[in-house]
Amino acid sequence: MGIFDELSRKDHEQVVFCRDEVTGLKAIIAIHDTTLGPALGGTRMWSYANEEDALRDVLRLSRGMTYKSAAAGLNLGGGKAVIIGDAKTMKNEMLFRAYGRFIQGLNGRYITAEDVGTTVRDMEWVRMETDSVVGISRALGGSGDPSPVTAFGTYEGIKASLKWHTGNESLAGRTVAIQGVGAVGYHLVSHVVKAGAKVVIADIDHDNLKRVTDEFSGIEVVSPDRIYGVACDVFAPCAMGAVVNDETLPMLKCAIVCGSANNILADEDKHAVALEARGIIYAPDYVVNAGGLINVANELEGYNQDRAMKHAEGIYDVTTQIFRISRDEKITTVKAANALAERRIAALGRIKDTFCGSGIRRRGRA
Ligand code: NAD
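Quantities reported herein were computed from a predicted structural model and do not represent experimental measurements.

A. Representation of the site of the ligand in the model. Around the ligand sit 22 residues, and of these Thr150, Ala183, Val184, Asp203 and Asn208 come closest. Here an oxygen atom of the ligand and a backbone polar atom of Gly182 are 3.4 Å apart. Ser260 has a polar side-chain atom sitting 2.9 Å from an oxygen atom of the ligand. In isolation the ligand has 830 Å² of accessible area, and contact with the protein removes 72% of it. Those elements that provide at least two residues to the shell around the ligand are helix H5 (147–166) and helix H6 (183–194). Grouping the amino acids of the shell around the ligand by side-chain chemistry returns eleven nonpolar, nine polar and two charged.

Here is the structure:
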């Protein structure tokens, strides 16, 4: 792989390779774009088959963060990091402290958080060496579990989608099918039940199913393979990615797909078009699940959950804006979301150009 070619292909600013002999740390930090502010994105720890795979993953993920932050209206850019190694056997305090020193060396250009394979505890080790870390525990003044805010943002996305589709955002008498009732799905059930919807759920974890059926009445449970075919207003994938694919798409009997899972569409272009062709509205995942990012970003100003919730409420308006762009410009909602993000970055880039050299500096706050 020609690394500089690869960086210029997707407009990455900087990639940092971190190696520490003593702890065995091998990490790659990718900073995609800092036009809006410091690059924020989690650190993934994974046993990549080879270093190329790790680089490819970090480049792809960091770019995604630029779009997610921009669409969420945050003054943050996009970044991501990967630590190459087995998250089950290789973790220790010194590894994460060594990693923290590399982050500190970036002088605030990159802010990290937990991701697949890393935990709040790991981030607390990172924090011993740098302030450029968010997503630490509530006990240490951090934002703690992001799932309530993520679920709330997804709920706002559902209401905006219903309003766009039917002219009425009310969930009373609507049916919502939720795939996965883990951290986010559980809170989403709570919102939609309170709003008067009929809820159908599926999960492979019986304890998680039981928690929901014990707490809320009138919940219908279906087997994991039957959730796709449930006749409903909203299908909310809150488990894993690529669940809208060639096989499942023909089964869908929903008017709207809006859920918290990342990368819901197996193929962003093809399946966004296919959903549209079937008259199904797709609320882009990275827009409606941005509550988690909004929540951690809030730590940068001193965490306050009410303020995070207020910001996540804005997902309603962003989702509506995306539907409007999609309709007016005759592009899929996925392309419309990307356009919205790109336009915000370009607009701020122009302002920065105008004031270049005037001594006015970006504050880089969320
Ligand atoms: P989680 O692990 O707590 O919950 C996922 C649930 O899905 C579990 O109950 C699991 O048993 C269930 N599940 C797994 N495979 C399934 C299947 N085949 N059919 C039905 N259920 C299945 O995860 P979470 O934190 O609730 O996140 C849910 C999704 O939202 C993930 O895709 C995650 O990446 C995304 N997301 C989460 C957050 C957050 O704040 N937690 C933020 C942004 C995006």
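Here the narrative resumes, following the displayed structure.
B. Geometry of unusual backbone geometry. Positioned with a positive phi, Ala242 is a non-glycine residue whose angle comes to about 60°. With respect to the secondary-structure elements, Ala242 resides in the loop between strand E10 (234–237) and strand E11 (256–257). With phi around 55°, Lys330 is a residue other than glycine that occupies positive phi space. Note that Lys330 resides in the loop between helix H12 (315–329) and helix H13 (333–354).

C. Broad picture of the pattern of salt bridges. Applying the stated criterion across every chain yields a total of 23 salt bridges. Arg19 is paired through a salt bridge with Glu21; the nearest N and O atoms lie 2.0 Å apart. Per residue, the accessibility class of Arg19 equals that of Glu21, and both read exposed. In this structure, the salt-bridge partner of Lys198 is Glu220, at a minimum N-O distance of 3.0 Å. Of this pair, Lys198 sits in strand E8 (residues 198–202) while Glu220 is found in strand E9 (residues 220–221), placing the two residues 22 residues apart along the sequence.

D. Region of interest: the pairing of strand E2 (residues 25–33). Counting buried positions over the nine residues of E2 gives eight, a clear majority of the element. By the bridge criterion, seven bridges tie strand E1 (residues 14–20) to E2 in an arrangement that is antiparallel. Paired with Asp20 across the two strands is Leu25, which belongs to E2. Where E1 folds back on E2, the antiparallel hairpin that results is connected by four residues, among which Gly24 adopts a positive phi of roughly 80°.

E. Quick look at the nonpolar core. If you look at the biggest cluster of nonpolar residues, it comprises 49 residues, and the most contacted ones within it are Ile178, Leu188, Val189, Val192 and Ile201. When residues in this core are grouped by element, the largest group, six residues, is from H5. For this core, the domains that each give at least three residues are domain 1 (3–61 + 78–133) and domain 2 (147–343). Sequence-distant contacts of Ile178, that is, excluding residues within four places in its chain, are made with Gly185, Leu188, Val189, Val192, Val199, Val200, Ile201, Ala202, Ile227, Ala236 and Cys238.

What counts and how
Residues numbered from 1 in each chain as written. Predicted model: local features only at pLDDT ≥ 70, side-chain atom pairs only at ≥ 80, totals over all residues. Heavy atoms only, no water. Near = heavy atom within 4 Å. Polar contact = N/O pair within 3.5 Å; in protein donor to acceptor, adjacent residues only side chain to side chain. Areas by Shrake-Rupley, 256 points an atom, 1.4 Å probe, with all protein chains shown as cover. Helix = DSSP H or I, 4+ residues; strand = E, 2+ residues; numbered from the N terminus. Nonpolar A, V, L, I, M, F, W, Y, C, P; charged D, E, K, R; others polar. Salt bridge = Lys/Arg side-chain N within 4 Å of Asp/Glu carboxyl O. Buried < 20%, exposed > 50% of the residue type's maximum accessible area, 1.4 Å probe, protein only. Pairing = 2+ DSSP bridges. Core = buried A, V, L, I, M, F, W, Y, C linked by side-chain atoms within 4.5 Å. Domains from an automatic or database assignment. Contact = heavy atoms within 4.5 Å.

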